[in-house]
Amino acid sequence: MDTLRALLKIALLCLTCLSSIEQAHAQTCTVSATAMAFGIYDPKSNLPTDSSANVVVVCQATIALLVAYTVKLSAGGSNNLLARKMTTTGSQLSYQVYKDPTYSQVWGDGSSSTSYNIGGYLLSVLVPVSTTYIAYGRITALQNVFAGTYTDTLTILVTY
């Protein structure tokens, strides 16, 4: 299987994605992401702070009847899929990325009760197929944190 890796940097102000293809075969895929802007976090608010970003996977096969792939996210700097944290000097801010708008399915790699997206298409001849997945971000409420810009880096793994 070919593997495509991209860095997804989640910040209070910006989310960027860089992509690269490790190997090229009869099928190639690229991935990109739009900005995830959480804006200003209010540590005294009883409500979580939500945001979203688009993760776009574009695959093209020379000739294919069935093309399938998975889209997984890493744990980030916390190394814990269920306890992601953005950091700044001297402080951490808990957050999570979900694959559904009800914030019930943690987008991860399939381990630790997380799930991932599965994509694919049927019958393609030299035509790229684009699929958009929405990443739903949530910062939990009432966290006692310092002012600052908090960041974390996740890896998007597309396997086909």
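I will try to describe carefully the structure that is included in this document. The model shown is predicted, which means the values in this text are computed figures rather than measured ones.

Attention now goes to the overall build of the protein chain. Tallying secondary structure elements over the protein chain gives zero helices and ten strands in all. Counting over 160 residues, the protein chain shows a buried share of 42%. Put simply, 73% of the contacts in the protein chain that link residues at least 6 apart link residues at least 24 apart. Here the protein chain has roughly 8300 Å² of accessible surface; of this, 57% comes from carbon and sulfur atoms.

Our next topic: the state of the cysteines. In protein chemistry, a disulfide is the covalent bond that joins the sulfur atoms of two cysteines. Going through the model one piece at a time under the given rule, you end up with one disulfide. Note on cysteine connectivity: Cys29 is disulfide-linked to Cys59, with sulfurs 2.0 Å apart. Handedness here is read from the sign of the S-S torsion; for Cys29 and Cys59, about 105°, the answer is right-handed. Here the residue Cys29 occupies a position in strand 3 (residues 27-33), and Cys59 occupies one in strand 4 (residues 49-61), the gap between them amounting to 30 residues. Under the relative-accessibility criterion, Cys59 is labelled buried at 1%.

Enumeration over the complete set of coordinates arrives at two aromatic pairs. A centroid spacing of 5.5 Å and a plane angle of 85° characterise the contact between Tyr98 and Tyr103, whose relative ring orientation is edge-to-face. Overall, the relative accessible area of 14% leaves Tyr98 in the buried class. Seen from their ring centres, Tyr103 and Tyr136 are 6.2 Å apart, and the 80° between their planes marks the pair as edge-to-face. With Tyr103 in the loop between strand 7 (91-98) and strand 8 (117-125) and Tyr136 in strand 9 (residues 129-139), this residue pair connects regions lying 33 residues apart in the sequence. Neither residue differs from the other here; Tyr103 and Tyr136 are each classed as buried. Among the aromatic side chains, those forming a connected cluster through ring pairs are Tyr98, Tyr103 and Tyr136. Residue placement shows Lys72 over the ring face of Tyr116; its charged tip is 4.6 Å from the ring centre. When the ring centre of Tyr103 is taken as reference, the NZ or CZ atom of Arg138 above it lies at 3.8 Å.

A negative phi angle characterises most non-glycine residues, just as the trans form characterises most peptide bonds. Despite not being glycine, Asn79 shows a phi value in the positive range, around 60°. On the secondary structure map, Asn79 appears in the loop between strand 5 (63-73) and strand 6 (85-88). The exposure class assigned to Asn79 is exposed, which follows from its relative accessible area of 69%. Non-glycine residue Ser112 carries a positive phi angle of around 50°. Within the element layout of this structure, Ser112 appears in the loop between strand 7 and strand 8.

Right, let's talk about a nonpolar patch on the surface for a bit. On the surface, a nonpolar cluster with roughly 830 Å² of combined accessible area is contributed by Ile63, Leu65, Leu66, Leu122, Leu123, Val125 and Leu126. Looking at the nonpolar patch, the elements with two or more residues in it are strand 5 and strand 8. Residue Leu65 is classed as exposed on the basis of its relative accessible area of 64%.

Procedures and definitions
- Residues numbered from 1 in each chain as written.
- Predicted model: local features only at pLDDT ≥ 70, side-chain atom pairs only at ≥ 80, totals over all residues.
- Heavy atoms only, no water.
- Helix = DSSP H or I, 4+ residues; strand = E, 2+ residues; numbered from the N terminus.
- Buried < 20%, exposed > 50% of the residue type's maximum accessible area, 1.4 Å probe, protein only.
- Contact = heavy atoms within 4.5 Å.
- Areas by Shrake-Rupley, 256 points an atom, 1.4 Å probe, with all protein chains shown as cover.
- Disulfide = S-S within 2.5 Å.
- Phe/Tyr/Trp six-rings, centres within 6.5 Å; stacked < 30°, edge-to-face > 60°.
- Lys NZ or Arg CZ within 6 Å of the ring centre and 35° of its normal.
- Patch = residues over 30% accessible without salt bridge, like charges linked within 9 Å, V, L, I, M, F, W, Y side chains within 5 Å.
- Salt bridge = Lys/Arg side-chain N within 4 Å of Asp/Glu carboxyl O.

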